[in-house]
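# Understanding the architecture of this molecule
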Amino acid sequence: MAEKMTGAEMVIQALTDQGVEHIFGYPGGAALPIYDALFQQEQVQHILVRHEQGATHMAEGYARSTGKPGVVLVTSGPGATNAVTGLTDALMDSIPLICITAQVPTNLIGSDAFQECDTVGITRSCTKYNYLVKRVEDLPRIMHEAFLIATTGRPGPVVIDIPKDVQFALGDYYMPDLDTLRHQSYRPQMDGDTAAITAAVDMMLKAERPVFYTGGGVINAGPEASAHLRELAEITGFPVTSTLMGLGAFPASNPQWLGMLGMHGTYEANLAMHDCDLMINIGARFDDRITGRVDAFSPGSRKIHVDIDPSSINKVVRVDVPIIGDCERVLAEMVRIYRSKANQPRTEALAPWWDQIAKWRAVDSLGYKNSDTVIKPQYAIERLYEASKKQGKEVFITTEVGQHQMWAAQHFHFDKPNHWMTSGGLGTMGYGLPAAVGVQVAHPDALVIDIAGEASVQMTMQELSTAVQYRLPIKIFILNNERMGMVRQWQDLLHGSRYAHSYSESLPDFVKLAEAYGGKGIRCENPAELDAAIAEMFDYDGPVLFDVIVEKDENCLPMIPSGKPHNEIILPDTANIGDIIDEKGRALV
Amino acid sequence: MNAHLQPTGSAYFLTKETQEIERHTLSVLVDNEPGILARVVGLFSARGYNIESLTVSETEHGRRLSRITVVVIATPKTLIQIKLQLERLVPVHKVHDLTAEGASLERELALIKVAGSGDSRAETLRLADAFRAQIVDASVESFVFEVTGKPAKIDSFIALMQPLGLVEVVRTGLAAISRGPQGM
């Protein structure tokens, strides 16, 4: 049932057949045929960005909040190179993206033509896979194969580089049979080995100090995986902690929730990881922000590791029971096997462990000294959280990268998966604003807030213009401490408080800036006025840039210093690393 | 100005490598498509793995499959990572660690140009005969030998030719295959 059409039309047809409703892009010479085809149809809506990096982060936010792949369309040369940061971000955080890059005509490839670059060469190491389409005959197969590769197994970004002459060429469009695709070897293992899962359940039935350590894999495996995790936690009675990427898979309101773990995780989560006798890692990858010092990482525990990517197993930490498979299927199987052996939590056996956890919790590691005169960043996020709950809307949070990101992870609480979008692996400043745009495109009626820092937000500030153009009422909540706070904190800890270039000077007037873009600007520096200002932000039906002037030298605690094990965590009251800043140091800032 | 004297730390924790490094031969079956070699080689450079030797050629034209034979030097832990990371590449079908799997055959071909005259020329010919090297080109003052065998044999032949007027050497890199009836 082949249909004759141009390569450009095939691109749009394939997107339509894949159920794509929105794409994020920016036109240019080599991409014009595709843009022309876009212009003549109504199924796929195009969001015009201001910079291609913005397009990739928007697509990431779109993908994370919907579970569907995000689609990006950019031109050749600078269009493609500007997309590289977002592609790398998506690769690190396993986000399904399709990035269509236009290329100069095939006869000009290699001639250093205008706006030519070696897109497949440049993106080879920052994509899960990439294609250069040399013949229009291959285009339908490649388009559909790209979606398969991006969304299955461990998800990731796929680049399709399409030369301009291929976009113009006429060919037959067809729906390829996915079983006869070119890459016969690409068959991700979805089902975990039943014997291994049974062995894991048997260990769980004997554990006295168990902990679930869950990650982004649970989110990527879909909402069903979160449901299974909740059920498994309920029937086992085990405590649950999660990485930055996994927040929301397990409800923060559940008494079994320990909070986030890792470098800025809670005392109870990190101590539970250190002292446990059984660690059940579900869809996390023993990242260095989690493990701290590897040779002192959870020394007394046996470890179970569920991951869809075999290369994650034993990469950093040796595990006793590896289970390769999709988190949703493995969790379902774990629940089934556990239920066949036991029906309720072993409350008595776990009681001493929970008593210990209660003692750690009593430390109140997320506590901070509030102030009447200056807004503490933690307080700002707490008030934002409380106010957002009362809006009667779905609330989605995106962040930039730095202290504000960690405070958001600590003090904003998530009960549902896919509602928290942050750059974890790559740590991309400038992620949050465009990601919020992408989320709002997918969820027009939701409350979408970018919790930002004044440094990060300036990296992709221009996408506020996109939000205004498409009437996307995103709320940008800037914790403005006039510092690259996390950099400053590290300089405190490690570099004798020599604040090399970690302060923001010549900051724009964010209120005027918002107004210049056609949005609303609000500034607040008085703790007593914060609630009213947040209400004003929520009441405004349009994009808001909210400049919260916060305490300048607040450190983000608790913190596991690098090279230290989990039990050497710095707590807010046991050490004040702010003391390291002497008068001379302050004068320098 | 004395920042380097201050106790500084790192955002990363580095562990000392305790495992001994080993030399292993991997056989990698891949789709023969543009960019596949760059993909494999890029993985090695991106992740800091060392390649000793690399040989690649299409081996099954009908199925458009190529076989890459790569000799790597790494610790046992890294060797497992190399195998798993290679298998993660979309066009990679299989990766076999021939060294770990036991009996395998390893061969390499070299073309070796030696120039000389008089006594040294006769000596060159005697040694070539002992190594079963074929003369593929000859002139009054030079030979080109073709020698096949294990890399160690080629190494020793080259070492012997050194004082006899060795001009240049070209080697194919290793081709390796497992013994017995089983294929990859």
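The rules behind these values
Residue indices begin from 1 for each chain and proceed along its sequence in written order. Chains carry letters and ligands carry numbers; both start at the beginning, A for chains and 1 for ligands, and go up in the order they are written. The model is predicted, so local features are restricted to residues of pLDDT at least 70 and side-chain atom pairs to those at 80 or more, both for listing and for counting; the totals for chains, interfaces and linings are taken over all residues. Think of the side-chain values as coming from all heavy atoms in the structure, minus any hydrogens and water. At least two DSSP bridges between two strands are required for those strands to pair. To qualify as a helix, a DSSP run of H or I must reach at least 4 residues; to qualify as a strand, a run of E must reach at least 2; elements of each kind are numbered from the N terminus. An axis is simply a line fitted to the C-alpha atoms; with a helix, the fit covers only the stretch in contact. Between two such axes, the angle follows the N-to-C directions and lies from 0 to 180 degrees. Contact between two residues is taken to exist if any of their heavy atoms lie within 4.5 Å; hydrogens are not considered. UniProt positions are given in the numbering used here, feature names are shortened, and annotations may be inferred rather than shown by experiment. Any two of the Phe, Tyr and Trp rings considered here, Trp counted by its six-membered ring, make a pair once their centres fall within 6.5 Å; the pair's planes then place it as stacked at under 30 degrees, edge-to-face at over 60, or tilted in between. Each residue's exposure class comes from its accessible area (1.4 Å probe, protein chains only) as a fraction of the maximum for that residue type: buried when under 20%, exposed when over 50%, partly exposed otherwise. Space inside and on the surface of the protein is sampled on a 1 Å grid over the protein atoms alone, with a cavity defined as a set of points where a 1.4 Å probe fits but cannot get out and a pocket as an open set with protein on both sides within 12 Å along at least 5 of 7 lines; lining residues have an atom within 4 Å of a point. Grid points are joined across faces, edges and corners, and a volume is the space filled by probe spheres set on the points. Under the grouping applied here, Gly and all other residues not named as nonpolar or charged are polar, the nonpolar ones being Ala, Val, Leu, Ile, Met, Phe, Trp, Tyr, Cys and Pro and the charged ones Asp, Glu, Lys and Arg. Disulfides are defined as cysteine sulfur pairs within 2.5 Å. Only residues whose relative accessible area exceeds 30% and that form no salt bridge enter a patch; like-charged residues are grouped when within 9 Å of one another, and nonpolar side chains (Val, Leu, Ile, Met, Phe, Trp, Tyr) when within 5 Å. In short, Shrake-Rupley with a 1.4 Å probe defines the accessible areas, and a residue's cover is counted only from the protein chains shown. By salt bridge we mean one thing: a side-chain nitrogen of Lys or Arg within 4 Å of a carboxyl oxygen of Asp or Glu. Two parts placed together each lose some accessible area under a 1.4 Å probe, and adding up what both lose gives the buried area. Polar contact is defined as a pair of N or O atoms within 3.5 Å, subject to the rule that within protein one atom must be able to donate a hydrogen and the other to accept it, and that residues adjacent in sequence are counted only when both atoms are side-chain atoms. Residue ranges labeled as domains rest on an automatic or database domain assignment.

### Comments concerning the sheet that holds strand β14 (residues 321-324) of chain A
Residue and element names in this part refer to chain A. Here six strands make up an open sheet; going across it, the order is β11-β10-β9-β12-β13-β14 and the pairing parallel. The outermost strands of the open sheet, each flanked by one partner alone, are β11 (257-260) and β14. Recorded for the sheet is a direction-independent mean angle of 15° between the axes of neighbouring strands. Pairing of strand β13 (residues 302-307) with β14 involves four bridges; the strand directions are parallel. By the bridge assignment for β14, His305 is matched with Pro322. Its contacts with the sheet place helix α12 (residues 267-275) against β9 (210-214), β10 (240-242), β11 and β12 (278-282), and it is angled at close to 105° to β11.

### Section: the UniProt feature "domain: ACT" (unreviewed entry) in chain B
Mapped onto this structure's residue numbering, the UniProt feature "domain: ACT" (unreviewed entry) falls at residues 25-100 of chain B. Secondary structure across residues 25-100 of chain B divides into 32% helix and 45% strand, with the first and last C-alpha atoms of the span separated by 8 Å.

### Here we look at the packing of aromatic side chains
The final tally for this structure, using the stated rule, is 15 aromatic pairs over all chains. Aromatic pair Phe414 of chain A and Trp420 of chain A: ring centres 5.0 Å apart, planes at 50°, arrangement tilted. Judged by relative accessible area, Phe414 of chain A falls into the buried class, the value being 7%. With a relative accessible area of 6%, Trp420 of chain A lands in the buried category. Arranged with centres 5.8 Å apart and planes meeting at 85°, the rings of Phe44 of chain B and Tyr49 of chain B form a pair that is edge-to-face. Members of the aromatic cluster, connected to one another through ring pairs, are Tyr385, Phe412, Phe414 and Trp420 of chain A.

### Remarks on the layout of surface pockets
All names here are of chain A. One number sums up the size of the second largest pocket: a volume of about 500 Å³. When residues of the lining of the second largest pocket are traced back to their parent elements, those giving at least two are β6 (129-132) and α7 (139-151). With four residues, β6 is the largest single contributor of residues to the lining of the second largest pocket. A class-by-class count of the residues in the lining of the second largest pocket yields seven nonpolar, four polar and nine charged.

### Considerations on empty space enclosed by the protein
With a probe scaled to a water molecule rolled over the atoms, the places where space remains empty come into view. Evaluation of the coordinates by the stated rule reveals two cavities of 30 Å³ or more. Taken as a whole, the largest cavity spans an internal volume of roughly 40 Å³. Lining the largest cavity are Gly262, Met263, Asp288, Arg289, Ile290, Thr291, Gly292, Ile560, Pro561, Ser562 and His566 of chain A. Looking at side-chain class alone, the lining of the largest cavity contains four nonpolar, five polar and two charged residues. Estimates place the volume of the second largest cavity at around 30 Å³. Forming the boundary of the second largest cavity are Val114, Ala115, Gly116, Ser120, Arg121, Thr124, Glu141, Ser142 and Phe143 of chain B. Only β5 (104-115), α3 (119-130) and β7 (142-149) of chain B provide two or more residues apiece to the lining of the second largest cavity.

### Here's the deal with the state of the cysteines
All names here are of chain A. Using the criterion set out here, one finds zero disulfides over all chains in the structure. Looking at the unpaired Cys276, the closest cysteine sulfur is the one in Cys327, lying at 18 Å. Since its relative accessible area comes to 1%, Cys276 is described here as buried.

### Quick look at the pairing of β6 of chain A
With four bridges joining them, β6 of chain A and strand β7 (residues 157-163) of chain A adopt parallel strand pairing. Looking across to β7 of chain A, one finds that Tyr131 of chain A is bridged to Ile160 of chain A.

### As for a nonpolar patch on the surface
Residues and elements named next belong to chain B. Together, Leu37, Val41, Ile51 and Val56 make up an exposed nonpolar region whose accessible area comes to about 260 Å². Mapped onto the nonpolar patch, the elements with two or more residues apiece are α1 (36-46) and β2 (50-60). The topology assignment puts Ile51 in strand β2.

### Some points on the interface of chain B and chain A
The figure often quoted for interface size is the accessible area lost as the parts come together. Counting residues at the interface gives 26 residues for chain B, matched by 30 residues for chain A. Across the interface of chain B and chain A, roughly 2400 Å² is buried in total on both sides, 53% from carbon and sulfur atoms. Put simply, chain B and chain A have one salt bridge between them. A salt bridge links Arg88 of chain B to Asp309 of chain A, with the nearest nitrogen and oxygen atoms 2.8 Å apart. Linking chain B to chain A there are nine residue pairs in polar contact (both at pLDDT 80 or more). Where the side of chain B that touches chain A is concerned, the elements lending two or more residues are α1, α2 (76-88) and β4 (92-97) of chain B. A per-element tally of the side of chain B that touches chain A places α2 of chain B first, with five residues.

### Quick notes on the domain arrangement of chain B
Residues and elements named next belong to chain B. Taken domain by domain, chain B comprises domain 1 (22-97) and domain 2 (104-178). The gap between the C-alpha centroids of domain 1 and domain 2 is 29 Å. Contact with domain 1, which involves seven residues of that partner, is made by six residues of domain 2. Here domain 1 packs against domain 2, burying approximately 440 Å² in sum over the two surfaces, 45% of which is carbon and sulfur. When the buried surface of domain 1 facing domain 2 is broken down by residue, Thr25, Thr55 and Thr69 rank first, second and third, together holding 62% of it. The interface formed by domain 1 and domain 2 includes zero salt bridges. Remark: the boundary between domain 1 and domain 2 carries three residue pairs in polar contact (both at pLDDT 80 or more). Mapped by element, the contributors of at least two residues to the side of domain 1 that touches domain 2 are β1 (22-31), β2 and β3 (65-74). It is β2 that contributes the most residues to the side of domain 1 that touches domain 2, three residues altogether. For the side of domain 1 that touches domain 2, the class distribution of residues is two nonpolar, five polar and no charged.

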